[in-house]
Amino acid sequence: MKKIILALLIVFSSVILQAQSLEKNEVDEFTGNAVKQTSWETFNNSMSFTGYFRISKINESYFFDLKMMIGSKIFSIDQGQEFMFKLSNDEVIILKNLEYTIACKGCGAKGFAGSQGYGIQTSYVLTPDQVQALLQKDIIKVRIYTNDGYVENDLKSKNSTKIKTALSLID
């Protein structure tokens, strides 16, 4: 009986520790900006690339923040390059990168795993209409353009749900 209770406690605590949360919800004391940010979550972990995301909102502006690693490859993403979501109704949502970003050691990692590998952290603007579309339809595929071409992958249903949950936490 003790083993069963211990096992249930371990499972329950790991679920709680992995739950998405709103990590920042404050007004910046210097700028007066209302800032909200979710926790970093995995949205892709495949042979082609590993990607993490969080949703940020500053005042009324939304951002899809991205951490990404493409194996051990050093790569960059130009300002204005695209991040595409293909939705279940075949609609394609296109986000634009905010600034030039080049891979650095540990930049694409979330925690210790991958901290010695090369990756990027960058942000893409989300319009209110794009937020609504992402909340209403499932994402089935993603494509991210880099200066070396693009990486893409089908998106698992659970990862599409993570993005919806993060968007819901911000509003």
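It should be emphasised that the depicted structure is a prediction, and the values quoted were computed from it without experimental measurement.

Draft legend 1. Structural view of the packing of aromatic side chains. Within this structure, the stated rule accounts for 10 aromatic pairs. Centre to centre, the rings of Phe53 and Phe64 are 5.5 Å apart; their planes meet at 10°, and the pair counts as stacked. Placement of the pair is Phe53 in strand E4 (residues 50-58) and Phe64 in strand E5 (residues 61-69), with a sequence separation of 11 residues. Of the two residues, Phe53 and Phe64, both sit in the buried class. A ring pair is formed by Tyr145 and Tyr150, whose centres lie 5.3 Å apart and whose planes are at 55°; its orientation type is tilted. Take Tyr145: its relative accessible area is 22%, and that puts it in the partly exposed class. Under the relative-accessibility criterion, Tyr150 is labelled partly exposed at 43%. Lying over the aromatic face of Tyr150, Arg143 brings its terminal NZ or CZ to 4.1 Å of the ring centre.

Draft legend 2. Representation of helix H3 (residues 157-170) within the structure. For H3, with 14 residues, the first-to-last C-alpha span of 20 Å sits near the 20 Å given by 1.5 Å per residue. Listing the buried residues of H3 in full gives Asn159, Ser160, Ile163, Lys164, Ala166, Leu167 and Ile170. Angular distribution of buried residues about the axis of H3 spans 160°; they occupy a single face of the element. Summarising the geometry of H3, the exposed residues directed more than 90 degrees from the buried face are Ser157 and Lys158.

Draft legend 3. Expanded view of the packing of helix H2 (residues 128-136) against H3. Interaxial distance between H2 and H3 falls to 9 Å at its minimum, and their mutual angle equals 130°. Compared by their axis directions, H2 and H3 come out oblique. For H2 against H3, the interelement crossing comes out left-handed. Across from Val131, Leu134, Leu135 and Gln136 in H2, the residues of H3 making contact are Lys164, Leu167 and Ser168. A per-class count over the contact of H2 with H3 returns four nonpolar, two polar and one charged.

Draft legend 4. Up close: the sheet that holds strand E8 (residues 92-96). Pairing is antiparallel in the open sheet, where four strands are placed in the order E8-E7-E12-E13. Two strands in the sheet have a free side with no partner beyond their single neighbour: E8 and strand E13 (149-154). Direction aside, neighbouring strands of the sheet carry axes that sit 15° apart on average. Strand direction decides the pairing type here: strand E7 (residues 82-87) and E8, joined by five bridges, are antiparallel. Following the sheet pairing, Glu82 is matched in E8 by Lys96.

Draft legend 5. Highlighting the pairing of strand E2 (residues 34-38). Note: strand E1 (residues 22-27) against E2, five bridges, orientation antiparallel. Following the sheet pairing, Glu26 is matched in E2 by Val35. Of the pairings in the sheet, the one linking E2 to E4 comprises three bridges and is antiparallel in character. Each bridged residue has a counterpart across the sheet, and for Gln37 the counterpart in E4 is Ser56.

Conventions adopted
Residues numbered from 1 in each chain as written. Predicted model: local features only at pLDDT ≥ 70, side-chain atom pairs only at ≥ 80, totals over all residues. Heavy atoms only, no water. Phe/Tyr/Trp six-rings, centres within 6.5 Å; stacked < 30°, edge-to-face > 60°. Helix = DSSP H or I, 4+ residues; strand = E, 2+ residues; numbered from the N terminus. Buried < 20%, exposed > 50% of the residue type's maximum accessible area, 1.4 Å probe, protein only. Lys NZ or Arg CZ within 6 Å of the ring centre and 35° of its normal. Expected span 1.5 Å × (residues − 1). Arc of directions from axis to C-beta. Axes fitted to C-alpha atoms, helices over the stretch in contact; angles between N-to-C directions. Parallel < 35°, antiparallel > 145°, perpendicular 65-115°, else oblique. Left-handed = near helix turned anticlockwise from the far one by under 90°. Contact = heavy atoms within 4.5 Å. Nonpolar A, V, L, I, M, F, W, Y, C, P; charged D, E, K, R; others polar. Pairing = 2+ DSSP bridges.

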